[in-house]
Amino acid sequence: MKHKGIWICLTFMLGISCALAQVAPDCGNAVPICNSTPINGGTQGFGVDDFNGARKTGCLEATTTGAIESNSAWYRFRTGASGQLGFNIGFDDSEDWDFALYKTNDCNALGEPVRCNFFDNKDEDSFMGVGEDPTGSVANLQYEDWLQVEAGEDYYLMINNFSNNNSGFSIQFSGSIFVTNPYDALDCSIISNLLGPPVAACENDIITLDASAATAVNYDWFQDVGSGFKAIVGEHGSLLEVVSNGTYRVNAALSDGSTIVSDVQVSFSANPVAFPVADDSSCSGATTYDLSQKDVEVLGTQDPSAFIVSYHTTLADAVNGIDFLPKSLETDNSSQTIYVRVTSLSNPKCYDASQYFQLTNLESPVMDFDTEVFLCDGNPSIVIGETTPPDPNYTYLWDTGETSSSLEVSQEGTYLLTATNSQGGLSCSDSRTIVVARSVTPVITNVLIEDLQANNKVTVLTNVTENIEFQLDEGDFQTSNVFVDVLPGPHTITINDINGCGMVSEEIVVVGFQKFFTPNGDGKNDYWNILEISELENPIVSIYDRFGKLVKVLNANTIGWDGTYNGKALPSSDYWFKLSYTDSSGERSFAKYINNHFSLKR
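Note that the structure is a prediction, hence the values are computed from the model and not measured.

Engineer: What's the story with the layout of surface pockets in this structure? I'm lost.
Structural biologist: In this approach, a probe sized like a water molecule rolls over the atoms, and the result shows the empty space that is left. As a volume, the largest pocket reaches approximately 910 Å³. Counting residues per element, the ones that place at least two in the lining of the largest pocket are β7 (83-91), β14 (169-174), α1 (177-180), β24 (307-312), α3 (315-320) and β26 (336-344). Looking at which element gives the most residues to the lining of the largest pocket, the answer is β14, with three residues. Residue classes in the lining of the largest pocket are distributed as 18 nonpolar, 13 polar and five charged. Volume-wise, the second largest pocket comes out at about 350 Å³. Around the second largest pocket sit 15 residues that line it, and Thr135, Pro304, Phe307, Ile308 and Lys327 are the ones nearest its centre. Those elements that place two or more of their residues in the lining of the second largest pocket are α2 (295-299) and β24. It is β24 that contributes the most residues to the lining of the second largest pocket, three residues altogether.

Set out below in structure tokens:
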């Protein structure tokens, strides 16, 4: 199958001499171009092996065909000026294309490519090429570095597709060379076709095809829109104004009886419209601003798959289609003007760069309050949110509907507060979620004292086990309820609710005592007393029998109890005691949490 192309054909009285230039599968008849080309009909096959059996050229290797090419198209171009040059090869994002660019004027001496790309299109990009992806994507791996060219350099471009079921491609030239030399960046003298190279035009452009030939005596014009060439009635001059897509042919009859036949493809792309874009804000705290969110404003109802939206720092850059801002724009504390360009995906000459917007860095609301608060026993409600005077520039909204900066609540649950800073029609918001839970005030239920004289251990038991911390005397608070190496004497145990629901303290006495004694006169364990009793102020120990009868009172000067009552030895049995002392406030206090039971054995 042959695709639409460019024909030059001289018809003589005794025969026909034709030179064919089409979507050429071979380097030897590469299509000469000097500007962007419209989308062609695709590629099928590769003609002759342009690499003479080689298995590799640059990044490209032999395919299943056994050759480097599978379905190829060759083009050639010559630079007309010096500067930065690139190109974009546009195609259906479901297809995968490769390319290699050779700096040479001889197909028999291609050498190694100066630019080459073979990455698969798993990311479904719409372009590959040299320079920058016109969509602004910096992640497209199918782009190679810009070319720095001088005038008069010849290049051959091979574009290849692994599948012969493809929908074709376009070539769009780019780079600053087209800014400095908009009319002669590429040399069109290499094109010998009477009607010139393929024409990529914009909607409403009037394209004039010029078939002027010095000895022509008549012209007949034809148009092919897909069903074969048909004569254009009444058109017999050397010029033809074209306003619709198609392949156009002219038969120029020369005075010597021969005829020049020349074809050219003309394709019109829709002119995009850039719709007005609202000014926007970049909120402080955000390091980037997503420019792509403005695309829908710029395009309006236009098909986003047919146009490219790009953003620029100057109007000149937007007009020239250069120096795209990344869609994820790094922000700073300044305000900046962002210029917008909408470009036809099929033809970069069709664009609108008439719109811009102001991007202002606006301070995000700063909210400073606890996001986890607790309802305490005895307090039916609590105030959450901003309890200090609110910023007058902020507005507030709770998920409950209130618009105050703070809220008094009496129920457990989750509350959301959104603060908004609005200036000049722009706004930045921040939201905080506040969790309100109920906290139970701790209570000391028991204190276990392991009296080991100099190295005592104290364990504090409470009615709650979470969100509390413990303190012995004036020491640091700790999460463990166990204290070790506690010296004998009076101590203060404090439990603090870390949720802010208060603390409780209680005084304890750490002393030791014998669990039994044997008052038999052998000099061993003949007396019972409280160990370390001297650590207490004004201690009094009251001893009782099993029936609650007071049998002995000891003080700091008493050696101990010898097991008698009024001089009479009491029987072996269990006895109980109470310990009182003068506490830190000067009051007499009874020691708690002491296992006050011991035995007399005879």
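So that's the structure; there's more coming.
Engineer: I'm lost on a negative patch on the surface in this one. Help?
Structural biologist: Side chains of Asp92, Asp93, Asp96, Asp120, Asp123 and Glu124 sit close together on the surface and give a patch of like negative charge. In this structure, Glu124 sits in the loop between β9 (115-117) and β10 (127-130). Judged by its relative accessible area of 52%, Glu124 is exposed.

Engineer: Any chance you could explain unusual backbone geometry here in plain terms?
Structural biologist: One can expect most non-glycine residues to show negative phi and most peptide bonds to be in trans. The phi torsion at Asn52 lies on the positive side, around 50°, for a residue other than glycine. Of note, Asn52 is situated in the loop between β3 (31-32) and β4 (56-57). On the basis of relative accessibility, which here comes to 71%, the residue Asn52 falls in the exposed class.

Engineer: I keep staring at the sheet that holds strand β35 (residues 456-462) and nothing clicks. Help me out?
Structural biologist: Through backbone hydrogen bonds, the strands of a sheet pair up, either in parallel or in antiparallel fashion. Read from one edge of the open sheet, three strands run β34-β35-β37, paired in antiparallel fashion. Of all strands in the sheet, those with a lone pairing partner are β34 (444-450) and β37 (482-486), marking the two edges. Strand-to-strand, the axes of this sheet are offset by a mean angle of 20°, without reference to chain direction.

Engineer: Would you mind going over the state of the cysteines with me for this structure?
Structural biologist: Here a disulfide denotes one covalent bond, and it connects the sulfur atoms of two cysteines. The full count for this structure, using the stated rule, is six disulfides. Covalent S-S linkage joins Cys202 and Cys350, the inter-sulfur distance amounting to 2.1 Å. Taking the sign of the S-S torsion, about -105° here, the bridge from Cys202 to Cys350 comes out left-handed. Of this pair, Cys202 sits in strand β15 (residues 199-202) while Cys350 sits in the loop between β26 and β27 (351-362); the two residues are 148 residues apart in sequence, bridging distant segments of the chain. Accessibility classification places Cys202 together with Cys350 in one group, the buried group. Between the sulfur atoms of Cys283 and its disulfide mate Cys428 the distance is 1.9 Å.

Engineer: Looking at this structure, how should I read the sheet that holds strand β30 (residues 394-398)?
Structural biologist: As summarised here, the arrangement of the four strands in space is β28-β33-β32-β30, forming an open sheet in which the pairing is mixed. The strands lining the two open edges of the sheet, one partner per strand, are β28 (372-376) and β30. In this sheet, neighbouring strand axes are inclined to one another by 25° on average, regardless of whether the strands run parallel or antiparallel. For strand β32 (residues 413-423) and strand β33 (residues 426-439), the ladder comprises eleven bridges, and the chain directions are antiparallel.

Engineer: I'm lost on the environment of Tyr394 in this one. Help?
Structural biologist: Looking at the element boundaries, Tyr394 is found in strand β30. A sequence separation of 29 residues divides Tyr394 from Gln423, and the C-alpha atoms of the two residues are 9.7 Å apart. Once residues lying within four places of it in the same chain are set aside, the contact partners of Tyr394 are Glu363, Ser364, Pro365, Val366, Thr420 and Asn421. For Tyr394, the side chain forms a polar contact with the main-chain nitrogen of Val366, separated by 3.3 Å.

Engineer: Can you walk me through the side chain of Asn140 in this structure?
Structural biologist: For Asn140, the position within the fold is in the loop between β10 and β11 (143-144). Within the structure, Asn140 has its side chain in polar contact with the backbone oxygen of Phe127 (distance 2.9 Å).

Engineer: Would you explain the packing of aromatic side chains in this entry?
Structural biologist: The relation between two aromatic rings is expressed through the spacing of the ring centres and the mutual angle of the planes. In total, this model carries 23 aromatic pairs according to the counting rule given. Measuring from centroid to centroid gives 5.7 Å for Phe87 and Phe99, while their planes differ by 75°, and the two rings are edge-to-face. A residue pair is termed long-range when its members are at least 10 positions apart, and Phe87 in strand β7 and Phe99 in strand β8 (residues 97-103) qualify at twelve residues. On the basis of relative accessible area, Phe87 is assigned to the buried category, the value being 0%. Taken together, a centroid distance of 5.8 Å and an interplanar angle of 45° make the contact between Tyr339 and Tyr356 tilted. Note that Tyr339 is positioned in strand β26 and Tyr356 in strand β27, a separation of 17 residues in sequence.

How each quantity is defined
- Residues numbered from 1 in each chain as written.
- Predicted model: local features only at pLDDT ≥ 70, side-chain atom pairs only at ≥ 80, totals over all residues.
- Heavy atoms only, no water.
- 1 Å grid on protein atoms, 1.4 Å probe; cavity = no way out; pocket = protein on both sides within 12 Å on 5 of 7 lines; lining within 4 Å.
- Points joined across faces, edges and corners; volume = space filled by probe spheres on them.
- Helix = DSSP H or I, 4+ residues; strand = E, 2+ residues; numbered from the N terminus.
- Nonpolar A, V, L, I, M, F, W, Y, C, P; charged D, E, K, R; others polar.
- Patch = residues over 30% accessible without salt bridge, like charges linked within 9 Å, V, L, I, M, F, W, Y side chains within 5 Å.
- Areas by Shrake-Rupley, 256 points an atom, 1.4 Å probe, with all protein chains shown as cover.
- Salt bridge = Lys/Arg side-chain N within 4 Å of Asp/Glu carboxyl O.
- Lys, Arg positive; Asp, Glu negative; His and termini not counted.
- Charge placed at Lys NZ, Arg CZ, Asp CG, Glu CD.
- Buried < 20%, exposed > 50% of the residue type's maximum accessible area, 1.4 Å probe, protein only.
- Pairing = 2+ DSSP bridges.
- Axes fitted to C-alpha atoms, helices over the stretch in contact; angles between N-to-C directions.
- Disulfide = S-S within 2.5 Å.
- Contact = heavy atoms within 4.5 Å.
- Polar contact = N/O pair within 3.5 Å; in protein donor to acceptor, adjacent residues only side chain to side chain.
- Phe/Tyr/Trp six-rings, centres within 6.5 Å; stacked < 30°, edge-to-face > 60°.

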